[in-house]
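Below, each chain spelled out in residue letters.
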Amino acid sequence: MVKLIFSIIFLLIFINKSFSDNNVNYIAHAGGEIDGYTYTNSVQAIKQSIKFGYNFIEIDLYLSSDGYFYGFHDFKSLILKDQNDHKFIYNFQKKFFSKTVKKKDLILLNKKLKYPIILEEELIEIFRSNANLNLVTDKTHDFRQLKDKFNFMNDRLYIEISSKKNYLKSLLYSLDNKIFLTGNFDFKDRLFIRLFRIKNVVFQKDLLKMEVVKNRLKKYKNLFNIKFFTYTVNIKDDFNFYPQFVDFIYTDNILLKHKE
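Residues numbered from 1 in each chain as written. Predicted model: local features only at pLDDT ≥ 70, side-chain atom pairs only at ≥ 80, totals over all residues. Heavy atoms only, no water.

### Some remarks on the overall build of the protein chain
Of regular secondary structure, the protein chain possesses 10 helices and 10 strands. A burial count over the protein chain gives 50% of its 260 residues as buried. For the protein chain, restricting intrachain contacts to residue pairs at least 6 apart in sequence, the fraction spanning at least 24 positions comes to 59%. When the accessible surface of the protein chain is split by element, carbon and sulfur atoms take 53% of a total near 13,900 Å². (Helix = DSSP H or I, 4+ residues; strand = E, 2+ residues; numbered from the N terminus. Buried < 20%, exposed > 50% of the residue type's maximum accessible area, 1.4 Å probe, protein only. Contact = heavy atoms within 4.5 Å. Areas by Shrake-Rupley, 256 points an atom, 1.4 Å probe, with all protein chains shown as cover.)

### Focus: a nonpolar patch on the surface
On the surface, Leu168, Leu171, Leu195 and Phe196 cluster together into a nonpolar patch covering about 360 Å² of accessible area. For leucine 171, the location among the structural elements is in the loop between helix 7 (164–170) and strand 7 (177–181). A relative accessible area of 42% places leucine 171 in the partly exposed class. (Patch = residues over 30% accessible without salt bridge, like charges linked within 9 Å, V, L, I, M, F, W, Y side chains within 5 Å. Salt bridge = Lys/Arg side-chain N within 4 Å of Asp/Glu carboxyl O.)

### Let's talk about the packing of aromatic side chains
Taken as a whole, this structure holds 32 aromatic pairs when the rule is applied. Where tyrosine 167 meets phenylalanine 192, the ring centres are 5.9 Å apart and the plane angle is 80°; that geometry is what we call edge-to-face. Here phenylalanine 192 lies in helix 8 (residues 187–195) and tyrosine 167 lies in helix 7, a separation of 25 residues in the sequence. Just as tyrosine 167 is buried, phenylalanine 192 falls in that class too. Above the face of the phenylalanine 152 ring, arginine 128 is positioned so that its terminal group lies 4.0 Å from the ring centre. (Phe/Tyr/Trp six-rings, centres within 6.5 Å; stacked < 30°, edge-to-face > 60°. Lys NZ or Arg CZ within 6 Å of the ring centre and 35° of its normal.)

### Overview of the nonpolar core
In this structure, Leu135, Phe150 and Phe228 are the most contacted members of the largest nonpolar core, which totals 49 residues. Ranked by the residues each element gives to this core, the list is headed by helix 5 (residues 120–129), at four residues. With near-sequence residues (within four places) excluded, phenylalanine 228 lies in contact with Phe185, Val201, Phe203, Leu217, Tyr220, Lys221, Phe245, Val246, Asp247 and Phe248. If you look at the next biggest cluster of nonpolar residues, it comprises 16 residues, including Phe72, Phe92, Val101 and Leu109. (Core = buried A, V, L, I, M, F, W, Y, C linked by side-chain atoms within 4.5 Å.)

### Let's talk about the sheet that holds strand 8 (residues 200–204)
Each strand in a sheet pairs with another by means of backbone hydrogen bonds, the pair being arranged parallel or else antiparallel. Ordered by their spatial adjacency, eight strands build a closed barrel running 1-2-5-6-7-8-9-10, and the pairing between neighbours is parallel. Sheet twist, expressed as the mean angle between neighbouring strand axes with direction ignored, is 25°. (Pairing = 2+ DSSP bridges. Axes fitted to C-alpha atoms, helices over the stretch in contact; angles between N-to-C directions.)

### Remarks on the pairing of strand 1 (residues 25–28)
Two strands pair when backbone bridges link them, and strand 1 and strand 10 (residues 248–251) are joined in this way by four bridges, in the parallel orientation. What sits directly across from asparagine 25, in strand 10, is phenylalanine 248. Across two bridges, the pairing between strand 1 and strand 2 (residues 56–59) is parallel. Within strand 2, the position partnered with isoleucine 27 by the bridge is phenylalanine 56. For the crossover from strand 1 across helix 2 (residues 43–51) to strand 2, the handedness is right-handed. (Right-handed = clockwise from strand over helix to strand, strands pointing away.)

### Considering helix 9 (residues 211–224)
Compared with an ideal rise of 1.5 Å per residue, which puts 14 residues at 20 Å, helix 9 spans 20 Å between its outermost C-alpha atoms and is within 8% of the ideal. At the C-terminal side of helix 9, asparagine 225 shows a positive phi close to 55°. (Expected span 1.5 Å × (residues − 1).)

### Some remarks on the pattern of salt bridges
Side chains that differ in sign of charge can pair as their charged atoms come close. Going through the model one piece at a time under the given rule, you end up with 10 salt bridges. In this structure, aspartate 189 and lysine 164 form a salt bridge, with 2.6 Å as the shortest nitrogen-oxygen distance. One end of the pair, aspartate 189, is in helix 8; the other, lysine 164, is in helix 7, and 25 residues separate them in sequence. On the basis of relative accessibility, which here comes to 7%, the residue aspartate 189 falls in the buried class. Here the salt bridges share partners, and the residues they tie into one network are Asp60, Asp138 and Lys139.

Okay, here's the thing in structure tokens:
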């Protein structure tokens, strides 16, 4: 009986240690916050995030029609210097949805933005200059282009993949850090994760409202050594709660707000 009690105590200590927040990594979502603005994917935001201690930067990478990477989240995040220049955003919007955006369009648009979206050369320069900096991306599934242009940092490139079909496609390339997006961590997703020995899994934070999901996450974390990511946790959230279950947290402002 005494042995059983000590075994239970040891197990509780082990579980608590496994889910401490000592090793959680915060990811600057869409480059991080800048002057109260979010999702800008701008050089200014990225540099500020690096200054405040982020080692992981998430950029919403898209590929132009002429094979050029750029960061972009949504049209509301494009902040104009002069509101009278709204036609430039309208023109970009048309080309974006028709998939005809070219490098020259991005350069022209950036001249009008207070926080210019990051372009391929700038992105590569930042990550070449910061050997400990990791890039996370989730919009493009052109794995060949990602591999070719970011091969110098393959071990620091994390690619979020939103479907089983695209995950299988990614297996054709030597990518070190693939992240599988699970919608609800259901039986099919869990089977897929185990079948392909997936080591990185991302999910929306609201899944943790379900007790059954929390228990499954703990089980998979311990049994299969999976790294879990969740998004997007901000200063208004109970951010002390999430490190119990995940290793990586996407955020707009946690580190920035706590170090100001």
